[in-house]
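# Tertiary structure, described
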Amino acid sequence: MRLLFLACLSPKTGNCTTAERIRKHIESAGHICVLRDIVDFHSPADVTSLVSGEPSFEGALAIHLYKGGRLLLGSKAPYGIIFGGTDLNQDVKDEKKRAVMEQVLKKARFAVAFSYKMKEEAEVFWLSQSSKIYIQPQGIETGAAPSFSWRAFLKSSGVNGTGVEDLRVFLLVCGLRRVKDPLYLVEAFSEWHAEDPSVILIIIGPKIDPVFTGEVEVNVERARGVYLTTERSQEELHAALKMCFALVNSSVSEGMSAAILEVGLFTPGGCHAPGVPVVARDIPGNAAIIRHEDTGLLFATPQEFVTMSKRLLEDRPLLESIVSNGKRYVEKFHSLAEERIVYQKLVELLL
């Protein structure tokens, strides 16, 4: 079967990584899966023309009901759809978008939600389509980290001086766009750093929104103990994550954060912790994979973030428990092999 797969393919984003992983699952079953960026198409007519052209496509997939799925309306090819966090956290609030999403879901042969919570949120609006929504958490794997110098990484991030080994580094991994809200913790963290210079926050990720990136750069430059550094390769990012004290997520909206899941598979790498705990904003996408004080910590305000992070610094048993529980959770529920089997079976529904 020859399949068209539509997704937002901005480099080094969660959507791009997820789409590429699913494409590999499908092709490992012997299908041809052509991955295309949604920005390449101006209307559903563009996709219809591509699907019916030569060589034609026998089926299609898309990530996001609105962003990707709307482009499949009008095409005669059967398709499946994968929910994105933006669908249920933002786009359903817009009546016109919600109407389009309903059309997309009704025509789809199947839909995939990353969690039970995501499916429940979809059922609030489209209960009649519940039977076609399958739950499949994201599968996660991490490769071997390259040769990596923690000191060099900190220096390249703007952290200078002696005693860098004694720093407690909180790493916030995100593309620089408003939905990731990297400025949410800057003021509170800067105040904390003034009290305890050993704690620093490094924001790392691609510059996706140029205007917003400028705002981030200006605010970080004024803050003490907060640094903004350029994106790294996935291998270098994983190596840096293994050495930090904690991973931070401050997003307004998440489907299912790959970075949060990835740290669950890391073996101990830093000198301060037995592994990498997660401190994340209490939003539906994060709460779906993090149980507070069990597999991570969830905060509702910047002040809560500081309070909880201080607990991690002082309470070694809590830190070790969170890391251990998080690792078990990821190994049990986010199997790459299980994800591959599910998508290969779902594609058969397009035959």
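These numbers come from a predicted model, not from an experiment. Residue numbers run consecutively from 1 along every chain, following the written order of its sequence. Confidence filtering applies because this is a predicted model: local features only for residues at pLDDT of at least 70, side-chain atom pairs given and counted only at 80 or more, and all residues used for totals across whole chains, interfaces and linings. Side-chain calculation: all heavy atoms of the structure are included, whereas hydrogens and water are not.

Here the bond from Glu54 into Pro55 is cis, since omega is -5°, no more than 30 degrees from zero. A positive phi is found at His64, a non-glycine position, where the angle reads about 85°. Counting from the N terminus, the helices are the DSSP runs of H or I reaching at least four residues and the strands are the DSSP runs of E reaching at least two. Locating His64 in the fold gives a position in the loop between β3 (59-63) and β4 (79-82). Remark: exposure states derive from per-residue accessible area (1.4 Å probe, protein chains only) relative to the maximum for the residue type, with buried under 20%, exposed over 50%, and partly exposed in between. Under the relative-accessibility criterion, His64 is labelled buried at 3%. Positive phi is not limited to glycine here, since Asp181 has a value of about 45°. Structurally, Asp181 is set in the loop between β7 (168-173) and α7 (186-195). We classify Asp181 as buried; its relative accessible area is 18%.

Once that is clear, we can look at the confidence of the model for the chain. The predicted coordinates should not be examined in detail at positions where pLDDT is low. Looking at the chain, pLDDT values average 91 and 95% of them are 70 or higher. Taken as a whole, residues 268-273 scores under 50 in pLDDT and shows 15 contacts with residues more than four places along the chain or in a different chain. A residue's pLDDT is the predictor's confidence in that residue, given on a scale from 0 to 100. Contacts between residues were defined by any pair of non-hydrogen atoms, one from each residue, lying within 4.5 Å.

Topologically, Ser157 is positioned in the loop between α6 (150-156) and β7. Within the structure, the side chain of Ser157 is placed 2.8 Å from the backbone oxygen of Phe153, a separation counted as a polar contact. A distance of 3.4 Å separates a polar atom in the side chain of Ser157 from a polar atom in the side chain of Thr229. If we ignore the near neighbours within four places in the chain, the residues touching Ser157 are Ile202, Tyr227, Leu228, Thr229 and Arg232. Throughout this description, a polar contact denotes any pair of N or O atoms lying within 3.5 Å of each other; where both atoms belong to protein, one of them has to be capable of donating a hydrogen while the other can accept it, and for residues adjacent in sequence the pair is counted only when both atoms sit in side chains.

Burial of the side chains of β4 extends over both faces: Tyr79 and Ile81 are buried on one face and Gly80 and Ile82 on the other. Where β3 and β4 come together, 4 bridges link them in parallel fashion. Bridge pairing in β4 links Ala60 to Tyr79. By definition, two strands form a pair when at least two bridges between them are found by DSSP.

Sheet architecture is open: 6 strands sit in the order β2-β1-β3-β4-β5-β6, paired in parallel fashion. Edge strands, defined here as strands with exactly one partner in the open sheet, are β2 (32-37) and β6 (133-135). Averaged over all pairs of adjacent strands, the angle between strand axes in this sheet comes to 20°, irrespective of strand direction. One ladder, built from 3 bridges, connects strand β5 (residues 110-113) with β6; its direction is parallel. Orientation is described by lines fitted to C-alpha atoms, with helices fitted over the stretch in contact, and by angles between N-to-C directions that extend from 0 to 180 degrees.

Quick look at helix α8 (residues 210-222) now. The length a helix should cover is 1.5 Å for every residue beyond the first. For α8, built from 13 residues, the straight-helix expectation of 18 Å at 1.5 Å per residue is met to within 8% by its first-to-last C-alpha distance of 19 Å. Along α8, the residues that are buried comprise Phe212, Thr213, Val216 and Val220. The buried residues of α8 occupy an angular sector of 105° when the element is viewed end-on, so they sit on one face. Opposite the buried face of α8, at more than 90 degrees from it, the exposed residues are Pro210, Val211, Glu221 and Arg222. Here the buried face of α8 lies against β8 (199-204) and β9 (226-229). Among the residues of α8, the N-terminal cap falls to Asp209, whose side-chain oxygen and the backbone nitrogen of Val211 are separated by 3.1 Å. The arc under discussion is defined with respect to the helix axis, by the directions toward the C-beta atoms.

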